[in-house]
Every structure is written in structure tokens, then in C-alpha cells.
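Chain residues, written in single-letter form:
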Amino acid sequence: MSDHTGHTDDVGAYLLSALNDLERQAFERHLRGCDECREELERLRPAAEALPGSVKQLEPPPGLKKRLMAEVEPRRRTPNRSLLAVAAALVIALAVAVGVSQLGGDDTRTVTATVADAMPRAGGQLDIDGDHATLRLHDMPDLGRARVYQVWLQHGERMVPARTFEVGRGGTGDVRLPDVRKTDGVFVTREDRGGARVPSEDPIVSVPL
Amino acid sequence: MASDIRDLADEEVMQLVQRGDPRAFELLYDRHGGAAYSLAYRIAGRQAIAEDVVQEALLSIWRNRLRYDQTRGSVRNWILGIVHNRAIDGLRRSSVHDRRRATLELVEERFEAPERTDVEVARREEARSVRGALDTLPDEQRKTIELAYFGGFSHTQIAEMLHEPVGTVKGRMRLGLEKMRRQLAEGAA
């Protein structure tokens, strides 16, 4: 059995993962022979386990679940690239022909986004489903820590600031928006982190409605 | 039936996961993916890194699902513990400067979950309650706990950073957790 006095304060550091590997191993060896430290560990554990619950609760990007489930259940994988390319070409052709492709009932439609020439690989669409809409973008450049993308909703002459967002892997951004049925357009600009009250540049993504 | 599985408790869902049921795993993601992503984002400070952390952590859970032992705690705490370890491992590979900045500055968090469901409302309430408990701590205890848990710093690094003896830092961690435990227990009573 090891000396208890040297480990009295290790319990907190252990629960917070703040011991180095050697210290952690030594403390775990000590725990096996020390009822007092084991009891203290179990007494304080609920406080440490509550810490993840203290952070601001965010919505995971929808693409995360899709990627995860595609690994877990390979049958769900998205079609291969050539199929996607054909599908994308069809969507673009439809969008060019009629501006808007109606997919599903009256309340469900997809509108292709127009992207600034400066981002030749980027693209996206606005999926509208009743009173919800999701702006889905891909191949958007990472703006670093200081800058974010910001969504604007056009109401007549007014541009109303909406959410700011960062892009994930592959420059993807899935941004859930409120009801856009009375909105004249959805736009994106690049702004300082924290967002702006008025757009500081011409939109780099435009979805006229 | 798809509707039946949603009535199961986490521990029962986990038994299905251990039998290799992807629907059960998806349900666990639906229940705890938000908390997992929020934790990863708080630690990593960047969306792309937080996504990678959650994906790697949950895939490791799926691949090592037989290792879950319900006598050692709840499914939620097990998942969040693995996400925490992954996120901290990633931080410890990054530069100290970046880690310090991510930890000490309040990171803008604009993808806040809308309160659409009872589960999301409950998550918000829990967050308020735990933040309340953290806020009752003396500043030096709260800061020490946050630097360790969210910043991934060891007690010796924190002692250097705050110009305090190592023993003082470890003492603050234990006392801070003790006070939080009491606050949370009083709040639950």
C-alpha cells in the first residue's frame, strides 16, 4: 500500500485529466489499496462528469451524422461520384431551365445558389421545407479565426442579419434558417467574427427567391 | 418497430448497439451527439476540428462497443468521456499558444441549438445549472478547473501559467470540484 498523504490532492487533478501519464499510473496503483481515495474519487466524480453539461449547447452540423452513419452502415453510403456528377448536372440543367426546381409538394423546393467568381469550386443550394430552410454550401474557403460567414435575409429593400457560421471539412456549411417563405432572397457575406449589422461587402453567395 | 426503440433507456439501447444494431447507434447519436459536439467545440474552438473529434470518438465507440461496462457509469458519461479524451489529445498535439487562446477567450458559438424538443430544453437547463455551480466558485478555482478540463493543461503547466505552487493548483482542483458537487446536489434536492 502506498502512502496516502502524498495523494490527498491528486483526486481532483485525476478527475480533470490533469496528471501526466506517470502520475496517473502511480495514482491508479495507489487507488487500488486506498479506500479513502476511492471514496473521495466517487464522491467528486459527479462534479467532474457534470462539466460537459456546462458548455453552451450547439447543434451539430447535419453532415456529421450522415458521415458517421455512412461508416457505421455502409449501405447508407451516398452514391458514387459519377452518379453524383450526373445528378448535379441534372439539377443545374433544371435550375437553368426554370430557375427553380420544384421537388415534392408546394412547400418543398430546392433553389440553386449563385456563387461569386472568386470561389470557382464553391457551390450550394437552399432547401426549403415548409417553415424550415437549410442553406447547404460546399467548397467554401476557410476564413480563419477572425472572420466568419454571415447569412442575410432580404425583405424588400432591407437586409436583415441572420446567423454567422464557419465551414467544416471540405468547406461545407449547413445553415438552418427560419421560415423564408416571405423572404425575397438569402445571401452570404464575409464578416468579422461576431457578425455585422449591415453587410460589409457584396454577397458572395446569392439565392434570390 | 422504429417507434419502440425510442422508448428504451440508454442502457437498453446500448445493449442493441452491442449486438451491432445501427439504428440503436443512430438513436444514441440523436440523444447525445449534440452534447458531444458542444463539448468538442468548446475544447477545440473550431467547427472542422470538433466534427473530426466527434466522428473519430463515436466511430471508436461503435468499433469498441463490446467494451462498454454499465457498472462503470452511464452511457452518456461514457460517450462524453471518450469525446473529452479525443479532444484533449488533439489539443495536446497543438501549440500551447493556440490552446491558451482557445481556452481563455470566449469562443463565438453561433450554431446554438434551437429549443425545439424537450431533450434540447433539458440540455439548456442542465447547462444553466452547471454553469451556475461553476460561477459560485472562487475565480482561481474555476479558472484552474477550466484550464485543466477544457484547455487540456496539466497541473504543472497551470502552476507555471498562474505562478502558483503545484500543490496549490491541485488543492484548488479538489476544493473546486467539492464545492461544485455540493452546489449541484443542493440544486437537485
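### Observations concerning the packing of helix α4 (residues 47-63) of chain B against helix α5 (residues 75-93) of chain B
Residue and element names in this part refer to chain B.
Thought 1: Interaxial distance between α4 and α5 falls to 9 Å at its minimum, and their mutual angle equals 130 degrees. As judged from the angle between their axes, α4 and α5 are oblique. For the pair α4 and α5, the sense of crossing is right-handed. In this structure, α4 uses Ile49, Val53, Val54, Glu56, Ala57, Ser60 and Ile61 to contact α5, whose residues at the interface are Ile79, Ile82, Val83, Arg86, Ala87 and Gly90.

### Some thoughts on the nonpolar core
Thought 1: Counting residues in each nonpolar core, the largest one holds 63 residues, and the members touching the most others are Ala36(B), Ala40(B), Val54(B) and Val83(B).
Thought 2: Those residues in contact with Ala36(B) that sit more than four places away from it in its chain are Val54(B), Ala57(B), Ile79(B), Leu80(B) and Val83(B).
Thought 3: Residues Leu135(A), Leu137(A), Trp152(A) and Phe187(A) belong to the second largest nonpolar core, which totals 24 residues.

### Description of the sheet that holds strand β3 (residues 114-115) of chain A
Pairing between sheet strands relies on hydrogen bonds along the backbone, with the strands arranged either parallel or antiparallel.
Thought 1: If you walk across this open sheet you meet the five strands as β3-β10-β9-β6-β7 (chain A), and the pairing is antiparallel. Each of the sheet's edge strands pairs with one partner strand only, and the pair in question is β3 and β7 (158-165) of chain A.

### A closer look at the packing of helix α4 (residues 62-72) of chain A against α4(B)
Thought 1: For the pair α4(A) and α4(B), interaxial distance at closest approach is 10 Å and the crossing angle is 30 degrees. It follows from the interaxial angle that α4(A) and α4(B) lie roughly parallel. The element α4(A) and its partner α4(B) pack so that their crossing is right-handed. Across the interface between the two elements, Leu64(A), Arg67(A), Leu68(A), Glu71(A) and Val72(A) from α4(A) touch Glu51(B), Val54(B), Gln55(B), Leu58(B), Leu59(B) and Trp62(B) from α4(B).
Thought 2: Residue classes in the contact of α4(A) with α4(B) are distributed as seven nonpolar, one polar and three charged.

### Comments concerning the environment of Leu51(A)
Thought 1: Here Leu51(A) is to be found in the loop between α3 (35-50) and α4.
Thought 2: Judged by the 24 C-beta atoms lying within 10 Å of it, Leu51(A) falls in the buried class.
Thought 3: Considered as a pair, Leu51(A) and Leu16(A) are 35 residues apart in the sequence and their alpha carbons are 9.6 Å apart.
Thought 4: Excluding anything up to four places from it in sequence, Leu51(A) contacts Val130(B) and Tyr149(B).

### As for helix α3 (residues 22-44) of chain B
All names here are of chain B.
Thought 1: Helix length check: α3 (23 residues) gives 28 Å between terminal C-alpha atoms against 33 Å at 1.5 Å per residue, more than 12% under.
Thought 2: At His32, α3 shows its largest kink, close to 55 degrees.
Thought 3: Phi turns positive one or two residues past the end of α3, at Gly45, with a value near 75 degrees.

### Re the interface of chain A and chain B
Thought 1: Chain A puts 45 residues into the contact, and the matching count from chain B is 53 residues.
Thought 2: For the side of chain A that touches chain B, the secondary structure elements donating two or more residues are α1 (10-15), α3, α4 and β7 of chain A.

### A few points about the environment of Ala133(B)
Residues and elements named next belong to chain B.
Thought 1: By the secondary structure assignment, Ala133 is in helix α7 (residues 118-135).
Thought 2: On the basis of neighbour count, Ala133 is assigned to the buried category, with 24 C-beta atoms found within 10 Å.
Thought 3: Along the backbone, Ala133 and Leu177 are 44 residues apart, and their C-alpha atoms lie at a distance of 9.8 Å.
Thought 4: Those residues within four positions of Ala133 in sequence are excluded, and the remaining contacts are Met180, Gln183, Leu184 and Gly187.

### Considerations on the confidence of the model for chain B
Caution is warranted with low-pLDDT regions, since their predicted coordinates should not be read in detail.
Thought 1: In this model, chain B carries an average pLDDT of 85, and 84% of its residues clear a pLDDT of 70 or more.
Thought 2: Reported for the predicted complex are a pTM of 0.65 and an ipTM of 0.86.

Definitions and limits used
- Residues numbered from 1 in each chain as written.
- Chains lettered and ligands numbered in written order.
- Predicted model: local features only at pLDDT ≥ 70, side-chain atom pairs only at ≥ 80, totals over all residues.
- Axes fitted to C-alpha atoms, helices over the stretch in contact; angles between N-to-C directions.
- Helix = DSSP H or I, 4+ residues; strand = E, 2+ residues; numbered from the N terminus.
- Parallel < 35°, antiparallel > 145°, perpendicular 65-115°, else oblique.
- Left-handed = near helix turned anticlockwise from the far one by under 90°.
- Contact = placed C-beta atoms within 7 Å.
- Core = buried A, V, L, I, M, F, W, Y, C linked by C-beta atoms within 7 Å.
- Buried ≥ 20, exposed ≤ 12 C-beta atoms within 10 Å, placed from the backbone.
- Pairing = 2+ DSSP bridges.
- Nonpolar A, V, L, I, M, F, W, Y, C, P; charged D, E, K, R; others polar.
- Expected span 1.5 Å × (residues − 1).
- Bend = angle between axes of the 7 residues up to and from the residue.
- pLDDT = per-residue confidence, 0-100.

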